[in-house]
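Single-letter residue listing:
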Amino acid sequence: MHPLRRLTVAEQAAAHLREGLRRGHWAGSLPGVARLAAELDVSTNTLQAALRMLESEGLLSVHGRGRSRTIHLVDSAETKLRVGILLYDASISEAPQATLLMSQLQHDLEAAGHEVFCAAKSQVALRHDVEHIAAHLGESPAHVWIVESGSRPLLEWFAGQAKPCLALYGRTDGLQIARTGPDKVPAYTAATRCLLGLGHRRIVLLCRRQRRLPKPGNVEQVFLDELAARGIIAGDYGLPDWEETPEGFHALLESLFRTTPPTALILDEPSLFHAATAFLVRRGIRVPTDVSMVAADYDTTFFWHHPPVAGMRWENAPIIRRIVRWVEAARKGHADRETINFPAEFVPGGTIGPVRKG
């Protein structure tokens, strides 16, 4: 019998990296040499030797000094990616329109040969705590992640990870991370100008805290800029803070309509639109006679409203196709960090009207 040959430290490091690649610990490209060496507790020279072994096996390729190494899944059994979806709020994601998008996305990704799953807990359930979210995702191994409506701090964390991530909605300005969704800037501009043209000056935009802090997002800033152009300083009244619970939302509406009631509301989510409608009915406030309402996010339940809801609409199909193409690029080891959005339009409806006189 031949004596057993002890593996060198470099060979042990290569075996560790090879197993990590197989399990999807990294996808797309590897982290830098210094970071990997620290993770494996080896010298950078040892790590470089391990990487050269994997390059010779065709598992990695390097494109110049100082560039990250691209991962190649050469085994056909490994070409199926495990795609994780991190939902913003499970209860909102069960709304009809969101369900249609997610179910079609899952169908198309599975048709392309991938495995799709949702993280057990949503961002809301984990209280938007980035450390808790990171720990939770570590328990759900995926090759790539799709993050629905991620907060800015969360997307900044994802941008610093080696594992590919695509933001479905969310604020990614300046981040090296892929993003897709509707481009609502033209729709918000048209909606705000429409309300201003109807004589509204007390217009309130109700949206989640992540859309307002640490500074207003693109569409929120467009709203504020349109008001400012007419000499209206919205302040905390036009873009209020509120506790993101049903009780907190009700308390906000009570406060708004107690002294200087708004003449128009723009509501960022269908759930907020429905909750506000129920509040107005209880208070005997008529739409659009007493207050106009605009839904900034379309939902199929609006089809049953009469008169039709004024709101913003877009097509899901190109968004889904974009995500499928992005996953395919990740499967091939291509780093796709483009922002590709699709136009949304403002559709006037029967829930808006001129300011009531007298």
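Residues numbered from 1 in each chain as written. Predicted model: local features only at pLDDT ≥ 70, side-chain atom pairs only at ≥ 80, totals over all residues. Heavy atoms only, no water.

Chemist: So what about the overall build of the protein? Which residues, and what values?
Modeler: When its secondary structure is counted, the protein shows 14 helices and 13 strands. Projected onto its principal axes, the C-alpha coordinates of the protein cover approximately 100 × 35 × 35 Å. A burial count over the protein gives 47% of its 358 residues as buried. Of the contacts made within the protein by residues no fewer than 6 positions apart, 68% connect residues no fewer than 24 positions apart. Put simply, the protein shows about 18,000 Å² of open surface, and 54% of that area lies on carbon and sulfur atoms. (Helix = DSSP H or I, 4+ residues; strand = E, 2+ residues; numbered from the N terminus. Buried < 20%, exposed > 50% of the residue type's maximum accessible area, 1.4 Å probe, protein only. Contact = heavy atoms within 4.5 Å. Areas by Shrake-Rupley, 256 points an atom, 1.4 Å probe, with all protein chains shown as cover.)

Chemist: Go over the pattern of salt bridges, please, and point to the residues and values.
Modeler: Counted under the stated rule, the structure contains 14 salt bridges. Close ionic contact of Arg152 with Glu156 constitutes a salt bridge, the shortest N to O distance being 3.2 Å. Separated by 4 residues within a single helix, Arg152 and Glu156 lie in helix 7 (residues 152–159), roughly one turn from each other. Overall, Glu156 belongs to the partly exposed group, its relative accessible area being 42%. As a salt-bridge pair, Arg322 and Asp336 come within 2.6 Å of each other at their nearest N and O atoms. (Salt bridge = Lys/Arg side-chain N within 4 Å of Asp/Glu carboxyl O.)

Chemist: Before we move on, can you summarise the sheet that holds strand 7 (residues 178–183) with the specific residues and values?
Modeler: Taken in spatial order, the 6 strands line up as 4-3-5-6-7-12 in an open sheet, and their pairing is parallel. Whereas interior strands pair on both sides, the edge strands pair on one side only; in this sheet they are strand 4 (115–118) and strand 12 (339–343). Pairwise comparison of adjacent strand axes, ignoring direction, gives a mean angle of 15° for this sheet. Summarising the sheet, strand 7 and strand 12 pair through 5 bridges and their orientation is parallel. Across the sheet, Arg179 pairs through a bridge with Thr339, a residue of strand 12. Helix 14 (residues 317–331) contacts strand 3 (82–86), strand 5 (144–148), strand 6 (165–168), strand 7 and strand 12 of the sheet and is inclined by roughly 175° relative to strand 7. (Pairing = 2+ DSSP bridges. Axes fitted to C-alpha atoms, helices over the stretch in contact; angles between N-to-C directions.)

Chemist: Any details on unusual backbone geometry? Residues and values, ideally.
Modeler: Cis geometry is found at the peptide bond from Leu213 to Pro214, where omega equals 5°. Position of Pro214 among the secondary structure elements: in the loop between helix 9 (209–212) and helix 10 (218–229). Note the cis peptide between His306 and Pro307, where omega equals 5°. When you line up the elements, Pro307 lands in the loop between strand 10 (292–295) and strand 11 (310–313). Positive phi outside glycine occurs at Asp41, with the angle close to 60°. Note that Asp41 resides in the loop between helix 2 (33–40) and helix 3 (44–56). Residue Asp41 is classed as exposed on the basis of its relative accessible area, which comes to 71%. You will see that His128, though not glycine, has its phi angle at about 60°, which is positive.

Chemist: Can you lay out the packing of aromatic side chains for me, pointing to particular residues and giving the numbers?
Modeler: If you walk through the whole model with that rule in mind, you get 7 aromatic pairs. Ring centres 5.6 Å apart and planes at 70° place the aromatic pair Phe117 and Trp145 in the edge-to-face group. Of this pair, Phe117 sits in strand 4 while Trp145 sits in strand 5, and the two are 28 residues apart along the sequence. Looking at Trp145, the relative accessible area reads 4%, which means it is buried. Here the aromatic rings of Trp157 and Phe158 are separated by 4.9 Å at their centres, their planes lie at 75°, and the arrangement is edge-to-face. By the ring-pair criterion, three or more aromatic residues cluster together here, those being Phe273, Tyr298 and Phe302. Looking at Arg82, its charged tip hangs above the ring of Phe117, at a distance of 4.0 Å from the centre. (Phe/Tyr/Trp six-rings, centres within 6.5 Å; stacked < 30°, edge-to-face > 60°. Lys NZ or Arg CZ within 6 Å of the ring centre and 35° of its normal.)

Chemist: Residue-level account of the side chain of Gln210, with values.
Modeler: Relative to the helices and strands, Gln210 is located in helix 9. Once residues lying within four places of it in the same chain are set aside, the contact partners of Gln210 are Tyr88, His128, Ser149, Gly150, Ser151 and Arg171.

Chemist: Could you give me a rundown of the environment of Ala15, with the residues and numbers involved?
Modeler: Turning to its location among the elements, Ala15 is positioned in helix 1 (residues 9–23). Along the backbone, Ala15 and Ala50 are 35 residues apart, and their C-alpha atoms lie at a distance of 8.3 Å.

Chemist: A description of the nonpolar core should follow, citing residues and the corresponding values.
Modeler: One finds Leu105, Ile146, Tyr188 and Ile266 to be the most contacted residues of the largest nonpolar core, which totals 48 residues. Per-element accounting of this core gives the leading share, 7 residues, to helix 14. Aside from chain neighbours lying at most four places away, what touches Leu105 is Ile85, Ile146, Ile320, Ile323 and Val324. Counting 21 residues, the second largest nonpolar core, distinct from the first, contains Leu272, Phe273, Ile285 and Phe302. (Core = buried A, V, L, I, M, F, W, Y, C linked by side-chain atoms within 4.5 Å.)

Chemist: Describe the side chain of Gln123, and please don't skip the residues or the numbers.
Modeler: Examined against the element boundaries, Gln123 turns out to sit in the loop between strand 4 and helix 6 (130–138). With residues near it in sequence (within four places) discarded, Gln123 still touches Leu86, Leu87, Tyr88, His128, Ile133, Val147, Glu148, Ser149, Gly150, Ser151 and Leu154.

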